[in-house]
Amino acid sequence: MAINDETRPAYGTDGIQDELLPQEGGAPAGAISPAEVPTRGEEDAAMEETEDEGVDERLPCGRLLSEVWEAEDQGTGDPHLYECPHCSAARAELGLLGDTVRDVLASEPDDRDGQGWDTTALTARVMDVVRLELRPGRPLPLGETSEDLWIMEAAAAKTVRAAAESLAGVHAGACRIGPPPEQFVPARPTEERRRPTHVELEVAVSDLAPLWEVADGVRERVRMAVDHELGMDVAAIDIRITDIYADEDDDEEIGMPGRPGHGRSGSGRAPAGGWEVTLDDR
Amino acid sequence: MTGDEREQRVAAAAAAALQVQGVAFLKPGLAGRLRASASALARTGRGPDRRRTDPAAGVRVRQGTPWTAEVHIVLQRGHRALDVTRAVRSAVADSFGETPVRVTVTVSGMV
């Protein structure tokens, strides 16, 4: 077990979590020193490049979906858009989306004070969809090499987080699933990507149980879920405790394990400067 | 290969994948997902509007030696991802009959 004095933003590919975390210069600062993980910055840069390329959908005819939509909006009259079945389907899909938006706008407001639509829920749902679409994470291998079966990291992370939160007092945060960080090499060939994966999960826990006990419990739940619900081959599951919060019935401040006097406020957040506890499955 | 042939392959592969237990639906495109999400909100409590969802949105087929079929599925919770993807792979391969095909199956989400 390692206790670090700094808290670093998550570098995982959990889209929602990452979106909320500050990052400087495109590469998050880390509690893990560059000397320990020299390829992390390269990994992030490579992932960003890959994601930039992967954000837009390329149709089988070679056109980008964004180009087709833009041409449709601008009415360029490009004959290809009408002759190509793929572009025609994309244009039709855009038309249906527009119809839906118009339907929503034309329907009755859902509030009772006559102020119109509360767009908060709609915005949240749309952003959930966009995040999942644009930040699906890595494809992770399922089954044998010859089977060519995959699961996207964001989908697998949902299962991992749900398993962790099945334990009372545990709140799951960022989750990274992929090759061991120290072995990550950008632009790996497919065969390389099929190695057993490595799970890194951040959790906030209540102060009612010893950290090692909680970490072991989380690890066991995650291991069972990954095996029973996904069928994914996992080499290691590392649990990073990033926060300890007081149970509502417990008003006393909590000292850091092994660090007497380093208490935190009753808000349940880590002190300025941060701390974290990592319990590696190695 | 004509466009019709490819379309038939796509439709057959999509139908085969959708028959597999544990497949909620095939991964729709971004527009389809936004549309379903917005529709669900407008039709409170009745769930996503799948009437307009393209059933073959998550299937791509390319001719070659062998043919390749990429299938993106959304998994129904309670079903094991590995078992479902294996079943989808087998079903899609069967939909090609005697034609050799390399099938890739990816779980893109869960509901």
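Since the structure is predicted, the reported quantities are computational estimates derived from the model, not experimental observations.

Enquirer: Just give me the short version of the environment of A:Leu64, but keep the residues and values in it.
Expert: Looking at the element boundaries, A:Leu64 is found in the loop between α2 (40–55) and α3 (65–74). Counting along the chain gives 23 residues from A:Leu64 to A:Cys87, while the straight-line C-alpha distance between them is 9.3 Å.

Enquirer: Any chance you could break down the pairing of strand β6 (residues 234–245) of chain A for me, citing the residues and the numbers?
Expert: Residues and elements named next belong to chain A. Burial runs high along β6: 9 of the 12 residues are buried. Pairing between strand β5 (residues 197–206) and β6: 10 bridges, direction parallel. Bridging from a neighbouring strand, Glu200 pairs with Asp238 of β6. Following the chain from β5 across helix α9 (residues 211–230) to the adjacent parallel β6, one finds a crossover that is right-handed.

Enquirer: Outline the packing of helix α7 (residues 153–165) of chain A against α9(A), listing residues and values.
Expert: All names here are of chain A. Contact geometry of α7 with α9 gives a least axis separation of 8 Å together with a crossing angle of 135°. It follows that α7 is oblique to α9 by the angle criterion. Crossing geometry of α7 relative to α9 is assigned as right-handed. Side by side, α7 and α9 meet where Ala156, Thr159, Val160, Ala163 and Ala164 of the first sit next to Val218, Arg221, Val222, Ala225, Val226, Glu229 and Leu230 of the second.

Enquirer: Account for α9(A), naming residues and giving values.
Expert: Its 20 residues give α9(A) an end-to-end C-alpha distance of 27 Å, which sits within 8% of 28 Å, the value for a rise of 1.5 Å per residue. Count one or two residues on from α9(A) and you reach A:Gly231, which has phi positive near 80°.

Enquirer: Lay out the environment of B:Ala69 in plain terms, naming residues and giving numbers.
Expert: Residues and elements named next belong to chain B. With respect to the secondary-structure elements, Ala69 resides in strand β3 (residues 67–75). Among the residues examined, Ala69 registers a relative accessible area of 0% and is labelled buried. Remark: the alpha-carbon pair of Ala69 and Arg89, spanning 20 residues in sequence, is separated by 9.3 Å.

Criteria and thresholds
- Residues numbered from 1 in each chain as written.
- Chains lettered and ligands numbered in written order.
- Predicted model: local features only at pLDDT ≥ 70, side-chain atom pairs only at ≥ 80, totals over all residues.
- Heavy atoms only, no water.
- Helix = DSSP H or I, 4+ residues; strand = E, 2+ residues; numbered from the N terminus.
- Buried < 20%, exposed > 50% of the residue type's maximum accessible area, 1.4 Å probe, protein only.
- Pairing = 2+ DSSP bridges.
- Right-handed = clockwise from strand over helix to strand, strands pointing away.
- Axes fitted to C-alpha atoms, helices over the stretch in contact; angles between N-to-C directions.
- Parallel < 35°, antiparallel > 145°, perpendicular 65-115°, else oblique.
- Left-handed = near helix turned anticlockwise from the far one by under 90°.
- Contact = heavy atoms within 4.5 Å.
- Expected span 1.5 Å × (residues − 1).

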